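Secondary and tertiary structure notes
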Amino acid sequence: MSGTKTVGQTNDSLPADGKPELLVLRALKLGDLLVAVPALKGIRRAFPEHRLRYAAQGWLSEALGLVGGYELLPTHGLDEPLAMEPGVVDVAVNLHGSGPESQGRIEALKARQTVGHRSAHRDGPPWRPELHERERWVRLLEWHGIEADPLDVRLNTPHVPSPVPGATVLHVGAAYGSRLWPAERFAAVAAALTEAGHQVVFTGGAAERERAEEVCRLAGLPGTSMLAGVLGLGEFAATIAAARLVISADTGAAHLASAYGTPSVVLFGPAPPEIWGPPPGPHVVLTRAELRRGDTFAAQPDPALLAVQVSDVLAAVRGLGLLL
């Protein structure tokens, strides 16, 4: 493959601990971290003598611990320069994107070796928008001589136990309105699964608690089903890892289910599953691609998501062998 580089070399000048610095930039959200796991594992194998840092928002620290081997460098998007002095980083890896903003942050590090897509400053593979995210970053590494497996998505076992092992998790929130399946439909699914013998719980962040409470009330389930806004990130991962089933929009919950092989039904709206969907396994994707508007930041649910009915979700659960 063209553009192969030598990996694992070090600077003559090393930090006090003797380890050269490697920095990965991906200052995004939980799902973005999880689809980058195959690439992160490939980097870790290729640079065993380096100190590995991952530049992203600080709240992802627990999730990054499930990948293993990386320290989090708190970074709020691309708004500010990375908190590393120029010349300190030995290897800089741009897993954030290919635009001038991320490239500029990487170039400012003045690393000995840079791994990224083709830019005005450096050679690299061209950006290919049609690639799945896992495949995109693996192909980037391969161009630079670093081996990785796009299906190597497994995370470490969470360090805390699940508070509800064997529960069916309905993750009813999402970062944007375009991914919010109607609350009454989630409630209808929850009620049907409860009647079929599932222990249903509702998860989400603190900002999603009000929506989860609405779904819980509409489903006629007790307040003990409410875990939204209660779990830390480690507990959340443990809950997904030990779940019987996960039903979610295209969010971090769905990617965690992929990472732990937990059966899942994933509802897609503005994002195409060809780019963000789960790997092979006990996972069912539901969407209506021909209706997709594709506006991630829209306030209203994407038509591709709204076309998914309660009966579609229950049929998917039945297809997974989890509903008689």
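As shown above, the structure is provided for reference.
Residues numbered from 1 in each chain as written. Predicted model: local features only at pLDDT ≥ 70, side-chain atom pairs only at ≥ 80, totals over all residues. Heavy atoms only, no water.

1. Regarding the packing of aromatic side chains
Here the distance between the centres and the angle between the planes together describe a pair of aromatic rings. Rule in force here: Two rings belonging to Phe, Tyr or Trp (six-membered ring only in the last case) form a pair when the distance between their centres is within 6.5 Å. Interplanar angles under 30 degrees mark stacking, angles over 60 mark edge-to-face geometry, and anything in between is tilted. Note on conventions: DSSP H or I runs of at least 4 residues are helices, E runs of at least 2 residues are strands, and numbering of each starts at the N terminus. The buried label applies to any residue whose accessible area, calculated with a 1.4 Å probe on protein chains only, is under 20% of its type's maximum; exposed applies above 50%, and partly exposed to all values in between. Whether a charge sits over a ring comes down to the Lys NZ or Arg CZ being within 6 Å of the ring centre and within 35 degrees of the ring normal.
Following the criterion strictly, the structure yields 3 aromatic pairs and no others. An angle of 70° between the planes, with centres 5.8 Å apart, marks the rings of Trp127 and Trp137 as edge-to-face. With Trp127 in the loop between β5 (113–115) and α5 (133–143) and Trp137 in helix α5, this pair connects stretches of sequence that are 10 residues apart. For Trp137, a relative accessible area of 1% corresponds to the buried category. Measuring from ring centre to ring centre gives 5.1 Å for Trp181 and Phe186, while their planes differ by 90°; the resulting arrangement is edge-to-face. Classification of Trp181 by relative accessible area gives buried; the value is 0%. One cation-aromatic arrangement involves Arg136 over Trp127; the distance from NZ or CZ to the ring centre is 4.2 Å.

2. Topic: empty space enclosed by the protein
Inclusion rule: Using a 1 Å grid laid over the protein atoms alone, points where a 1.4 Å probe fits but cannot get out form a cavity; open sets with protein on both sides within 12 Å along at least 5 of 7 lines form a pocket; any residue with an atom within 4 Å of a point counts as lining. Grid points are joined across faces, edges and corners, and a volume is the space filled by probe spheres set on the points. Each residue is assigned to one class: nonpolar for Ala, Val, Leu, Ile, Met, Phe, Trp, Tyr, Cys and Pro, charged for Asp, Glu, Lys and Arg, and polar for all the others, Gly among them.
Taken as a whole and judged by the stated rule, the model has 3 cavities of 30 Å³ or more. Considered as a void within the structure, the largest cavity measures approximately 90 Å³ in volume. If you go around the largest cavity, you meet 14 residues; those closest to its centre are Gln103, Thr114, Gly116, His117 and Ser119. Listed by contribution, the elements that provide at least two residues to the lining of the largest cavity are α4 (100–107) and β5. At 3 residues, α4 tops the list of elements feeding residues into the lining of the largest cavity. Tallied by class, the residues present in the lining of the largest cavity amount to 2 nonpolar, 9 polar and 3 charged. Estimates place the volume of the second largest cavity at around 60 Å³. Leu34, Val35, Arg134, Val153, His255, Ser258, Ala259, Gly277, Pro278 and Pro279 are the residues that line the second largest cavity. Of all the elements in the fold, those that place two or more residues in the lining of the second largest cavity are α1 (30–35) and α9 (252–260).

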